[in-house]
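This is what each chain is made of:
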Amino acid sequence: METGTFFIYLAVIAGSTYLIRVIPFVLVNKKVTNKYVRSFLYYIPYAVLAAMTVPAAFYATRSVISAVVGIVVAALVSLKCKSLVVVAAVACITVFLVELIVVNSVSG
């Protein structure tokens, strides 16, 4: 890619990112009081995190079985109100063990 093209792309991306963050501040002058809008805005970070994490979990493992088991275990551990580090560690260990079992059963 040419340097000029790169800087054009970079400027467009930087401008669009900046506008997405600035436009709400410019258009909304007072605190949002509508409970439905506030509820919607409250859950956006969780929805975005789930939309980025769940598909990546399926592509990060060798088999779909280990991915599904890891996600289910992570969901169950998180429902027990454990910290993010504990949830991630338990999910990783679970995926590792399931992949050991699946690989050994397929190759053996």
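Up top is the structure these notes are about.
Definitions and limits used
- Residues numbered from 1 in each chain as written.
- Predicted model: local features only at pLDDT ≥ 70, side-chain atom pairs only at ≥ 80, totals over all residues.
- Heavy atoms only, no water.
- Helix = DSSP H or I, 4+ residues; strand = E, 2+ residues; numbered from the N terminus.
- Contact = heavy atoms within 4.5 Å.
- Patch = residues over 30% accessible without salt bridge, like charges linked within 9 Å, V, L, I, M, F, W, Y side chains within 5 Å.
- Areas by Shrake-Rupley, 256 points an atom, 1.4 Å probe, with all protein chains shown as cover.
- Salt bridge = Lys/Arg side-chain N within 4 Å of Asp/Glu carboxyl O.
- Buried < 20%, exposed > 50% of the residue type's maximum accessible area, 1.4 Å probe, protein only.
- Expected span 1.5 Å × (residues − 1).
- Arc of directions from axis to C-beta.
- Phe/Tyr/Trp six-rings, centres within 6.5 Å; stacked < 30°, edge-to-face > 60°.
- Bend = angle between axes of the 7 residues up to and from the residue.
- Polar contact = N/O pair within 3.5 Å; in protein donor to acceptor, adjacent residues only side chain to side chain.

Caption draft 1: Structural context of the environment of Val 102. Mapped onto the fold, Val 102 is located in helix α4 (residues 84–107). Considering only alpha carbons, one finds Val 102 and Phe 7, 95 residues apart in sequence, at a separation of 47 Å. Sequence-distant contacts of Val 102, that is, excluding residues within four places in its chain, are made with Ser 63 and Ile 65.

Caption draft 2: Spotlight on unusual backbone geometry. Positive phi values are uncommon outside glycine, yet Cys 81 reaches one of about 60 degrees. Along the chain, Cys 81 falls in the loop between α3 (64–79) and α4.

Caption draft 3: Quick look at a nonpolar patch on the surface. A grouping of Val 54, Phe 58, Tyr 59, Val 64, Val 68, Val 72, Leu 76 and Leu 79 is seen on the molecular surface, where their side chains present a nonpolar patch of about 820 Å² in accessible area. Mapped by element, the contributors of at least two residues to the nonpolar patch are α2 (35–59) and α3. Sorting elements by how many residues they give to the nonpolar patch places α3 first, with five residues. On the basis of relative accessible area, Leu 79 is assigned to the exposed category, the value being 67%.

Caption draft 4: Structural view of α3. In this model α3 runs 23 Å from its N-terminal to its C-terminal C-alpha over 16 residues, within 8% of the 22 Å that 1.5 Å per residue would give. Within α3, the full set of buried residues consists of Ser 66, Ala 67, Gly 70, Ala 74 and Val 77. Relative to the axis of α3, the buried residues are bounded by an arc of 100 degrees and lie together on one face. For α3, the exposed residues set more than 90 degrees away from the buried face come down to Val 64, Ile 65, Leu 76 and Leu 79. Trailing α3 by a residue or two, Cys 81 shows a phi angle of about 60 degrees, which is positive.

Caption draft 5: The packing of aromatic side chains, seen in detail. Scanning all chains against the criterion turns up four aromatic pairs. Aromatic side chains Phe 6 and Phe 7 sit 5.4 Å apart centroid to centroid with 65 degrees between the ring planes, which places their arrangement in the edge-to-face category. Since its relative accessible area comes to 41%, Phe 6 is described here as partly exposed. When the centroid spacing of 4.9 Å and the interplanar angle of 85 degrees are considered together, the rings of Tyr 42 and Tyr 43 count as edge-to-face.

Caption draft 6: The arrangement of α2 in detail. End to end, α2 covers 37 Å across 25 residues, agreeing with the expected 36 Å (1.5 Å per residue, within 8%). Remark: the principal bend of α2, roughly 35 degrees, maps to Ile 44, with a proline, Pro 45, within the next four residues. Among the residues of α2, the N-terminal cap falls to Asn 34, whose side-chain oxygen and the backbone nitrogen of Tyr 36 are separated by 2.9 Å.

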